[in-house]
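Residue strings, one per chain:
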There are 2 protein chains.
Amino acid sequence: MSWQQRQILDAGLRRSPSVAGPRSVGEMREGFAALMAMFPVPEDVRRTPTELGGRPAVLVEPLTEARPGTILYFHGGSFSLGSPETAMSLTAHLVRRTGIRAISLDYRLAPENPFPAAIQDGVAAYRDLLENGLQASSIGFAGDSAGGGLTVTTALAARDAGLPMPAAIVAFSPGLDHTRSGASMVTKEGADPFFTRDSMTANGRLYLGGADPDQPLLAPAVRADLSGFPPILLQVGTNEMLLDDSVRLAERAREAGVDVVLDVTAGVPHVFQSYVDTLDEAGLALDRAALFVRQQLR
Amino acid sequence: MSWQQRQILDAGLRRSPSVAGPRSVGEMREGFAALMAMFPVPEDVRRTPTELGGRPAVLVEPLTEARPGTILYFHGGSFSLGSPETAMSLTAHLVRRTGIRAISLDYRLAPENPFPAAIQDGVAAYRDLLENGLQASSIGFAGDSAGGGLTVTTALAARDAGLPMPAAIVAFSPGLDHTRSGASMVTKEGADPFFTRDSMTANGRLYLGGADPDQPLLAPAVRADLSGFPPILLQVGTNEMLLDDSVRLAERAREAGVDVVLDVTAGVPHVFQSYVDTLDEAGLALDRAALFVRQQLR
């Protein structure tokens, strides 16, 4: 247990200058892209621009022969920021450790395209994979933060559209409740170095676009029926306001008869897997996620 | 997902003849040993009788060079049945998959030796390992059912005795609450092919020996302070009255700032990992457990 690493990371995040005052979406996107560019992308993957379901995407492959299967990856960024590039370090580390190729989807962002645009793009991408001959049993959904939420809501919408379920869902620190009703929204506000209640509400408003958050596709942790879902792995840190999003989704999965691993690392922040170069727990968690994906994708 | 295998296993367990009427402890021990002897022990481990902390034990080693580390294993059997031999199949499969040796402890059983005899034996065994020069960081506790409970209560008692914490705790379907206050004690009674409320109460009474169950060493899932605990992996099926023992221990671990993986497989019974030859999920779960142990033991 590298508690020293966890503490150094937390202290470092708290020293990071926060940008004062409201910023435009464009400024936030630039800032997010600059922040995420600090995470190096491992060199032993090949990245190829492609298209999926009518949206841009990036195919990320191991340089050596890949294992069978495809990971449909959803990047993070509060539904209004980010792209396959901003999550490329994490995506590439997952590809390296699984040996399985990923396709990272550039889904439409809010506020230009609020809910349910991102989910529609996810379903279209998944349908495209299936129509190109991939078996659902060979496809896993993975994502971080808002993208972790999209792994679940895309699967919900796919099921409702009559598509078969993918073989696995892996979500890193997923956002799964736009009603923000989890206890950790209050109890973890001080411990979370990234978010505040206010910042979450402001970000969420962009995605909601006036929609009522109290519905399965916006609050799956409190409203979704997960019957028929494939095995789910949820990884989350205890220094996260989003902790209870995962805790409650795991509970719903158990109640729906779904295999679910709730994998909690103490004292680490939102999407701690990104810090693979400085935090031992990041690599350990990614190795557990990689085993889970390899077990489920046939 | 092998739902067909899960259903065949469940149906088979429900067809098993139950022995009518009350049985003596001796008869129950014989029946349990006969039942557990049905699980084949893999041949590629070496078993050597030994002694640990003044109790008999069995050293279980890979035939090839072992990885560093030691698993202190606690067998199941409701604290009144079983021995290292009755859990040997499961112990050996864990040794094979980790590559790490295990020492399985023949702790004292109730009713001849009720609470806290088994825990005292666990602490004595652990102390013996430490006094023989092993580092706590190289030792993991693992166990199933009652033995899964002993992984946690032995660690609690060891901490209270001033010993360092082991490096990991792995518990398969652990019993962690003699107050039997989990919701699953009621909601899962019909789904559980092994236990009833009455059978659990009767078994528990032998171990309690009149002790108040509402205390940390008898109900760690509701009373224990897990501060300072090492990473914990809990694996449990949804067809278990003991499901909420793991769910609530995981919650306490998160609250205490402890790394914890709550790994739930749907539609499978108590200690489903034993059915490794007929149930794919058993081997998958054991592989996840093996990775967890290897990650933590240095």
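Everything here concerns the structure above.
Residues numbered from 1 in each chain as written. Chains lettered and ligands numbered in written order. Predicted model: local features only at pLDDT ≥ 70, side-chain atom pairs only at ≥ 80, totals over all residues. Heavy atoms only, no water.

**Section: the overall build of chain A**
Next, step 1: A tally of regular secondary structure across chain A gives ten helices and eight strands.
Next, step 2: Projected onto the principal axes, the alpha-carbon positions of chain A cover approximately 50 × 40 × 40 Å.
Next, step 3: For chain A, buried positions account for 61% of its 298 residues.
Next, step 4: In chain A, once contacts between residues fewer than 6 apart in sequence are set aside, the share between residues at least 24 apart is 80%. (Helix = DSSP H or I, 4+ residues; strand = E, 2+ residues; numbered from the N terminus. Buried < 20%, exposed > 50% of the residue type's maximum accessible area, 1.4 Å probe, protein only. Contact = heavy atoms within 4.5 Å.)

**Section: the side chain of His-75 of chain B**
Next, step 1: For His-75 of chain B, the position within the fold is in the loop between strand S3 (67-74) and helix H3 (88-98).
Next, step 2: A polar side-chain atom of His-75 of chain B sits 3.5 Å from the main-chain amide nitrogen of Ser-83 of chain B. (Polar contact = N/O pair within 3.5 Å; in protein donor to acceptor, adjacent residues only side chain to side chain.)

**Some details on the interface of chain A and chain B**
Next, step 1: The partner chain B presents 28 residues to the 28 residues of chain A that form the contact.
Next, step 2: Contact between chain A and chain B buries roughly 2,200 Å² in total, counting both sides, with carbon and sulfur atoms accounting for 56%.
Next, step 3: Taken together, chain A and chain B are joined by two salt bridges.
Next, step 4: For Arg-6 of chain A, the salt bridge identified is with Asp-259 of chain B, shortest N-O distance 2.8 Å.
Next, step 5: On inspection of chain A and its partner chain B, the count reaches eleven residue pairs in polar contact (both at pLDDT 80 or more).
Next, step 6: Among the elements of the structure, helix H1 (3-15), helix H9 (243-255), strand S8 (260-265) and helix H10 (280-296) of chain A are those that each provide at least two residues to the side of chain A that touches chain B.
Next, step 7: When residues in the side of chain A that touches chain B are grouped by element, the largest group, seven residues, is from H10 of chain A.
Next, step 8: Where S8 of chain A lies against strand S8 (residues 260-265) of chain B, five bridges are found, and the strand directions are antiparallel. Paired with Val-264 of chain A across the two strands is Val-260 of chain B, which belongs to S8 of chain B. (Buried area = accessible area lost by both parts, 1.4 Å probe. Salt bridge = Lys/Arg side-chain N within 4 Å of Asp/Glu carboxyl O. Pairing = 2+ DSSP bridges.)

**A closer look at the packing of aromatic side chains**
All names here are of chain A.
Next, step 1: Applying the stated criterion across every chain, the model contains twelve aromatic pairs over all chains.
Next, step 2: Relative to Tyr-207, the ring of Phe-115 lies with its centre 5.9 Å away and its plane at 80°, an arrangement referred to as edge-to-face. Here Phe-115 is found in the loop between strand S4 (101-105) and helix H4 (117-131), whereas its partner Tyr-207 is found in helix H7 (residues 197-208), with 92 residues between them in sequence. Of the two residues, Phe-115 and Tyr-207, neither departs from the other in class, the shared state being buried. (Phe/Tyr/Trp six-rings, centres within 6.5 Å; stacked < 30°, edge-to-face > 60°.)

**Side note on the pairing of strand S2 (residues 55-62) of chain A**
Residue and element names in this part refer to chain A.
Next, step 1: Within S2, six of the eight residues are buried, which leaves it mostly tucked inside the rest of the structure.
Next, step 2: Pairing analysis gives eight bridges linking strand S1 (residues 45-52) to S2, with the strands arranged antiparallel. Residue pairing for S2: Pro-49 is matched across the bridge by Val-58.
Next, step 3: A loop of two residues connects S1 with S2, the two strands running antiparallel in sequence, and Gly-53 in this loop sits at a positive phi of about 60°.
Next, step 4: Two strands pair when backbone bridges link them, and S2 and S4 are joined in this way by four bridges, in the antiparallel orientation. Residue Leu-59 lies in a different strand from S4, and its bridge partner there is Ile-103.

**Re H9 of chain A**
All names here are of chain A.
Next, step 1: Taking 1.5 Å as the rise per residue, H9 with 13 residues should run 18 Å; its terminal C-alpha atoms sit 19 Å apart, in good agreement.
Next, step 2: Judged by how many residues are buried, H9 sits mostly within the fold: ten of 13 residues are covered.
Next, step 3: For H9, the set of buried residues is Leu-243, Asp-244, Asp-245, Ser-246, Val-247, Arg-248, Leu-249, Ala-250, Ala-253 and Arg-254. (Expected span 1.5 Å × (residues − 1).)

**Notes on unusual backbone geometry**
Next, step 1: Between Ala-110 of chain A and the following residue, Pro-111 of chain A, the backbone shows a cis peptide bond with an omega angle of 5°.
Next, step 2: Take Pro-111 of chain A: it is sitting in the loop between S4 and H4.
Next, step 3: The residue after Phe-115 of chain A, namely Pro-116 of chain A, is reached through a cis peptide bond having omega 5°.
Next, step 4: Among the secondary structure elements, Pro-116 of chain A is positioned in the loop between S4 and H4.
Next, step 5: Positive phi values are uncommon outside glycine, yet Arg-180 of chain A reaches one of about 50°.
Next, step 6: With respect to the element layout, Arg-180 of chain A can be found in the loop between strand S6 (168-172) and helix H6 (184-187).
Next, step 7: Even without being a glycine, Ser-173 of chain B presents a positive backbone phi close to 50°.
Next, step 8: Following the sequence through the fold, Ser-173 of chain B ends up in the loop between strand S6 (168-172) and helix H6 (184-187).

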